[in-house]
Amino acid sequence: MATQFRDILETFENQNPGRDYNIEIVCPEFTSVCPKTGQPDFGTLIFNYIPEAKCVELKSLKMYLQAFRNEGIFYENVTNRILDDLVAVLSPRWMHLEARFTPRGGISTNVTVEHYAETSEEE
């Protein structure tokens, strides 16, 4: 089931592929489940990316993120998995994801991951 989350993501054509521009998406209602305690985890996801040929369609992103609501997964793993899925679907020039999780037991955790597109060696 978890491997099919990526299939939820939809894209649309980047209308300005010749220009580097940043898209920032803030998702303040992310939820998943701690695999150790079964307790819900809450966080804010902040995406920044420079698109290549495709942009992510926001309703599909919302549905994709909601699929994690009952998923037992550690903060570090879910953050990396979300980035991997978006990179696989979008092939962006650059993508940065910061996951800011709500404190639990007096400890807060932020996980940041980044992707850089491979550049050709041709000059």
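Details of the structure are given in the entry above.
For every chain, the first residue of the written sequence is number 1, and numbering continues from 1 along that sequence. In view of the model being predicted, local features appear only for residues whose pLDDT reaches at least 70, and side-chain atom pairs are presented and counted only at 80 or more, with totals across whole chains, interfaces and linings using the full set of residues. Only heavy atoms go into the side-chain values, all of them from the structure, while hydrogens and water stay out.

Trainee: Could you give an account of the packing of aromatic side chains, with specific residues and numbers?
Mentor: Stacked, edge-to-face and tilted are the three classes for Phe, Tyr and Trp ring pairs, Trp counted by its six-membered ring, which pair at centre distances within 6.5 Å; planes under 30 degrees apart are stacked, over 60 edge-to-face, the rest tilted. Scanning the model with the defined rule gives five aromatic pairs in all. A ring pair is formed by Phe-30 and Phe-101, whose centres lie 6.5 Å apart and whose planes are at 70 degrees; its orientation type is edge-to-face. Highlighted residues: Phe-30 in strand S2 (residues 23–33) and Phe-101 in strand S5 (residues 94–104), separated in sequence by 71 residues. Look at Phe-101 and you get buried, because its relative accessible area is 3%. By the criteria applied, helices consist of DSSP H or I runs no shorter than four residues and strands consist of E runs no shorter than two, each listed in order from the N terminus. Exposure is judged per residue with a 1.4 Å probe applied to protein chains only, and the accessible area is read against the type maximum: over 50% gives exposed, under 20% gives buried, and values in between give partly exposed.

Trainee: Give me the lowdown on unusual backbone geometry, citing residues and values where you can.
Mentor: A positive phi angle, close to 50 degrees, is found at Ser-91, a residue other than glycine. On the accessibility criterion, Ser-91 (44% relative accessible area) is partly exposed.

Trainee: With reference to specific residues and values, describe helix H1 (residues 58–66).
Mentor: Regarding H1, the residues found buried are Ser-60, Leu-61, Tyr-64 and Leu-65. One face of H1 carries all of its buried residues, which in axial projection span an arc of 135 degrees. The contact rule is simple, with two residues in contact once any of their heavy atoms fall within 4.5 Å. Buried residues belonging to H1 abut S2, strand S3 (40–50), strand S4 (54–56) and helix H2 (75–90). For H1, the N-terminal capping position is held by Glu-57, with its side-chain oxygen 3.1 Å away from the main-chain nitrogen of Lys-59. The reported arc concerns the directions from the helix axis to the C-beta atoms and nothing else. In protein, a polar contact means a hydrogen-donor-capable atom and an acceptor-capable atom, both N or O and within 3.5 Å, with residues adjacent in sequence counting only if both atoms are side-chain atoms; elsewhere, any N or O pair within 3.5 Å suffices.

Trainee: An account of the pairing of S2 is requested, with residue identities and associated values reported.
Mentor: Strand pairing requires that DSSP identify at least two bridges connecting the strands. The pairing of S2 with S3 spans nine bridges and is antiparallel. Across the sheet, residue Ile-25 finds its bridge partner in S3, namely Phe-47.

Trainee: An account of the packing of H1 against H2 is requested, with residue identities and associated values reported.
Mentor: Axes here refer to lines fitted to C-alpha atoms; in helices the fit is confined to the stretch in contact. Angles between the N-to-C directions go from 0 to 180 degrees. For the pair H1 and H2, interaxial distance at closest approach is 12 Å and the crossing angle is 145 degrees. The hand of the H1/H2 crossing is right-handed. Mapping the contact onto sequence places Leu-61, Tyr-64 and Leu-65 in H1 and Arg-81, Ile-82, Asp-85 and Leu-86 in H2. By convention the crossing between two helices is left-handed if the near helix lies anticlockwise of the far one by an angle smaller than a right angle, and right-handed if it lies clockwise.

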